[in-house]
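# Commentary on secondary and tertiary structure
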2 protein chains.
Amino acid sequence: MNMPLTDDALDQLFREARTYNGYHDKPVTTDQLHAIWDLMKMGPTSANMLPARLVWCHSEEARNKLADCSAEGNQDKIRKAPAAVVIGMDQDFHDHLPELFPHTDAKSWFEGDAEARKVHAMRNSSLQGAYFILAARALGLDTGPMSGFDNDAVDKAFFADQPSVRSNFISTLGYGDPETIFERSPRPEFGKFNKII
Amino acid sequence: MNMPLTDDALDQLFREARTYNGYHDKPVTTDQLHAIWDLMKMGPTSANMLPARLVWCHSEEARNKLADCSAEGNQDKIRKAPAAVVIGMDQDFHDHLPELFPHTDAKSWFEGDAEARKVHAMRNSSLQGAYFILAARALGLDTGPMSGFDNDAVDKAFFADQPSVRSNFISTLGYGDPETIFERSPRPEFGKFNKII
């Protein structure tokens, strides 16, 4: 059985971690992008479907392209961040299930049911988006997740070659500059949104 | 700036953590349920909307009620686990935004747009579901997340008093018994689902 992680680790992952609007002038390496994936891919998804499709915008050109599809208040954050990522979701994820979930015919559960695939792609790519945020934090990096962008424009700019992929959300990535964060929004006590029965 | 967590911590959170089908005969306390919430609530959601509504099935009666709404292959896991949880999502989360995101009128962004609220509730409660999984692991516990249940039956059984809440997914919780896990499903290399541009 495992023990709780140290207080420092819990602070880094949850309690002191914040959403950053700006980053220190320190690059994020491609090795770090691989390291994030190697952690986040281990997180559970339904039938190991792993529907997330990630486009890492590492070059200035790619970040500018993403910024151009984003809400005005987010553009500058994306242009100036060391890296950004588009978390897409493949609504035809079931085509990969024979490889990802080899011990049974899970592909047949989803064939002919595009509506169920949309729901599963959204739920499970969002789980993977959270694994991305926490994997980055576990590796000492910070993130700035955002929904303020034009989904159709991002799909056209980044997934034109994969028509079954839709954007879910986007994030910046780097070493967060504490001067760029807002005051922490309130987090409610257990009783507000939880019940024990 | 933060350093990467230790290898042991990364193993516990991601690399060695597994989805459990059965648990050791060791109870989960209500203090632990509160501790999980106190970590998971710190994870980011859009405009701090925190749409997840959690019903912790701690009593045998509650677990049996949840098992009765679940796929046959999941019923026994739920009945025998020390605890289970229903992760619901409030599609009227915007009513809480004046309290949760007090510095601007975020409620007005979602009023009259039930379709956008459904998408945001699904995305952000799924993020919170992943925070639940990783918070439990960070505290030394194990989970068994599942989508194999009858959503309408769960909504009727657990959220009848909150008509704007729909079930997203469910999970068992406890100290995982390694004898109940399956062989790890394959996790693809970076190149399969990632691009760097």
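These numbers were taken from a predicted model, which means no experiment stands behind them.

Rules of the game
- Residues numbered from 1 in each chain as written.
- Chains lettered and ligands numbered in written order.
- Predicted model: local features only at pLDDT ≥ 70, side-chain atom pairs only at ≥ 80, totals over all residues.
- Heavy atoms only, no water.
- Helix = DSSP H or I, 4+ residues; strand = E, 2+ residues; numbered from the N terminus.
- Rg over C-alpha atoms; globule rule 2.2 N^0.38 Å.
- Buried < 20%, exposed > 50% of the residue type's maximum accessible area, 1.4 Å probe, protein only.
- Contact = heavy atoms within 4.5 Å.
- Lys, Arg positive; Asp, Glu negative; His and termini not counted.
- Charge placed at Lys NZ, Arg CZ, Asp CG, Glu CD.
- Least-squares fit on C-alpha atoms with pLDDT ≥ 70 in both.
- Salt bridge = Lys/Arg side-chain N within 4 Å of Asp/Glu carboxyl O.
- Polar contact = N/O pair within 3.5 Å; in protein donor to acceptor, adjacent residues only side chain to side chain.
- Pairing = 2+ DSSP bridges.
- Axes fitted to C-alpha atoms, helices over the stretch in contact; angles between N-to-C directions.
- UniProt positions renumbered as here; feature names shortened; annotations may be inferred.
- Buried area = accessible area lost by both parts, 1.4 Å probe.

## Points about the overall build of chain A
Looking only at helices and strands, chain A features nine helices and five strands. When its helices and strands are written in sequence order, chain A yields α-α-β-α-α-β-α-α-α-β-α-β-α-β. Whereas a compact globule of 197 residues would reach a radius of gyration of roughly 16 Å, chain A reaches 18 Å, a difference of no more than 12%. Considered along the principal axes of its C-alpha atoms, chain A spans approximately 50 × 50 × 35 Å. By residue count, 58% of the 197 residues in chain A fall in the buried class. For chain A, restricting intrachain contacts to residue pairs at least 6 apart in sequence, the fraction spanning at least 24 positions comes to 81%. Both charge centroids of chain A, one from 21 positive and one from 29 negative side chains, sit 4 Å from each other.

## Re the relation of the copies chain A and chain B
Relative to chain B, chain A is turned by 180 degrees and slid 0.0 Å along the rotation axis, the superposed coordinates differing by an RMSD of 0.0 Å. Here the two chains are linked by the operation of a two-fold rotation axis. The share of interface residues of chain A whose copies in chain B are also at the interface is 99%, consistent with both copies meeting through the same surface.

## Description of the pattern of salt bridges
Within the structure shown, the criterion is met by 22 salt bridges over all chains. Among the salt bridges present, the one from Lys41(A) reaches Asp38(A), with a minimum N-O distance of 3.3 Å. The class of Lys41(A) is buried, set by a relative accessible area of 7%. On the basis of relative accessible area, Asp38(A) is assigned to the partly exposed category, the value being 35%. Among the salt bridges present, the one from Asp7(B) reaches Arg15(B), with a minimum N-O distance of 2.5 Å. When its relative accessible area of 52% is taken as the criterion, Asp7(B) is described as exposed. It is possible to trace a salt-bridge network through shared partners that takes in Asp7(A), Asp11(A) and Arg15(A).

## Quick look at the environment of Thr172(B)
Residues and elements named next belong to chain B. Residue position: Thr172 is located in strand β4 (residues 165-174). Here Thr172 falls in the buried class, since its relative accessible area comes to 1%. Polar side-chain contacts of Thr172 include one of 2.6 Å to the side chain of Tyr23.

## Side note on the sheet that holds β4(B)
If you walk across this open sheet you meet the five strands as β5(A)-β1(B)-β2(B)-β4(B)-β3(B), and the pairing is mixed. The open sheet has two edge strands, β5 (194-196) of chain A together with β3 (142-146) of chain B, and neither has a second partner. On average, adjacent strands in this sheet sit at an angle of 20 degrees to one another, irrespective of strand direction. Bridge analysis of β5(A) against strand β1 (residues 52-57) of chain B gives three bridges, and the strand direction is parallel. Paired with Lys195(A) across the two strands is Val55(B), which belongs to β1(B).

## Things to note about the UniProt feature "domain: Nitroreductase" (unreviewed entry) in chain A
The positions UniProt marks with the feature "domain: Nitroreductase" (unreviewed entry) are residues 18-161 of chain A. Secondary structure across residues 18-161 of chain A comprises 49% helix and 13% strand; the distance between its end C-alpha atoms is 34 Å.

## Considerations on the interface of chain A and chain B
At the interface, 78 residues of chain A touch 77 residues of chain B. Taking both sides of the interface into account, the surface hidden between chain A and chain B amounts to around 7100 Å²; carbon and sulfur atoms contribute 65%. Its largest share of buried area at the contact with chain B, chain A owes to Phe14(A), Phe193(A) and Ile197(A), together 11% of the area lost on that side. In this structure, the connection of chain A to chain B is made through four salt bridges. Its salt-bridge partner being Asp161(A), residue Lys195(B) comes within 3.4 Å of it at the nearest N-O pair. Our count for the contact surface shared by chain A and chain B stands at 40 residue pairs in polar contact (both at pLDDT 80 or more). Elements represented by at least two residues in the side of chain A that touches chain B include exactly α1 (7-15), α2 (30-40), β1 (52-57), α5 (97-100), α7 (114-138), β4 (165-174), α9 (190-193) and β5 of chain A. With 14 residues, the single largest contributor to the side of chain A that touches chain B is α7(A).

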